[in-house]
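Chain by chain, the residues run as shown.
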Amino acid sequence: MTELRWWLGSLAEIKLTAADSGGRMTIVDVTEPPGAEAPLHVHHREDEAFVVLEGHVTLEVGGASVVAGPGDVAYGPRDVPHRYVVGPDGCRMLFVCTPGGFEGLVRDMSEPASERALPPPPDGEPDYARIAAVAEAYGCELLG
């Protein structure tokens with residue numbers, strides 16, 4: 001069953017967990033608003049593939065940038081810094097992470113979503129120290 005989460009301005013739908021896959025994989029369906037950005041970061045535990053379902057996103061992996069649209073796939077190997085910027089129409093993409101466990105980070109950085117929609121605008125700035133601490137607990141490092 002899909003678990004809906006409001007995650008840093010996006011809607012995250014946890015589709016497959018480590019528990020579902022014997023620890024092998026996590027799949028999260030992420031809907032991002034126009035102009036959303038993921039900061040430069042690196043995963044030390046998992047490889048990550050981005051499968052773009054709707055919209056466009058500029059992905060930077062290891063210093064190389066690519067604009068991806070529906071049907072495109074980009075790969076972010078563990079220990080290689082990456083980030084992305086969402087296009088003007090927003091986007092929807094699958095995060096496919098191996099091995100599993102990334103859903104824990106999503107849960108710990110988010111809150112349950114009351115509906116399948118983007119979250120309401122935040123009341124203030126995110127707690128960056130908390131976000132960095134959660135990331136670190138899951139083997140991720142925020143670089144910028």
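Residues numbered from 1 in each chain as written. Predicted model: local features only at pLDDT ≥ 70, side-chain atom pairs only at ≥ 80, totals over all residues. Heavy atoms only, no water.

Engineer: So what exactly am I meant to see when it comes to the overall build of the protein chain here?
Structural biologist: When helices and strands are tallied, the protein chain shows two helices and 10 strands. By the compact-globule yardstick of 15 Å for 144 residues, the protein chain fits well, its C-alpha radius of gyration being 14 Å. Across its three principal directions, the C-alpha atoms of the protein chain cover 35 × 30 × 30 Å. Counting every position in the protein chain, which comprises 144 residues, the buried fraction comes to 42%. Within the protein chain, residue pairs in contact and separated by at least 24 positions form 72% of the contacts whose partners lie at least 6 positions apart. Of the roughly 7300 Å² of accessible surface on the protein chain, a fraction of 56% belongs to carbon and sulfur atoms. Of the charged side chains in the protein chain, 10 are positive and 23 negative; the average position of the first set lies 7 Å away from that of the second. (Helix = DSSP H or I, 4+ residues; strand = E, 2+ residues; numbered from the N terminus. Rg over C-alpha atoms; globule rule 2.2 N^0.38 Å. Buried < 20%, exposed > 50% of the residue type's maximum accessible area, 1.4 Å probe, protein only. Contact = heavy atoms within 4.5 Å. Areas by Shrake-Rupley, 256 points an atom, 1.4 Å probe, with all protein chains shown as cover. Lys, Arg positive; Asp, Glu negative; His and termini not counted. Charge placed at Lys NZ, Arg CZ, Asp CG, Glu CD.)

Engineer: Quick question: what am I supposed to make of the nonpolar core here?
Structural biologist: One recurring pattern in soluble globular proteins: nonpolar side chains tend to sit buried together. Counting residues in each nonpolar core, the largest one holds 27 residues, and the members touching the most others are Trp7, Val57, Tyr84 and Phe95. Secondary-structure elements contributing two or more residues to this core are strand 2 (10-16), strand 3 (26-32), strand 5 (47-61), strand 8 (82-98), helix 1 (102-108) and helix 2 (128-137). For this core, the element with the highest residue contribution is strand 8, accounting for six residues. If we ignore the near neighbours within four places in the chain, the residues touching Tyr84 are Glu32, Ala36, Glu37, Ala38, Phe50, Val57, Thr58, Leu59, Met93 and Phe95. (Core = buried A, V, L, I, M, F, W, Y, C linked by side-chain atoms within 4.5 Å.)

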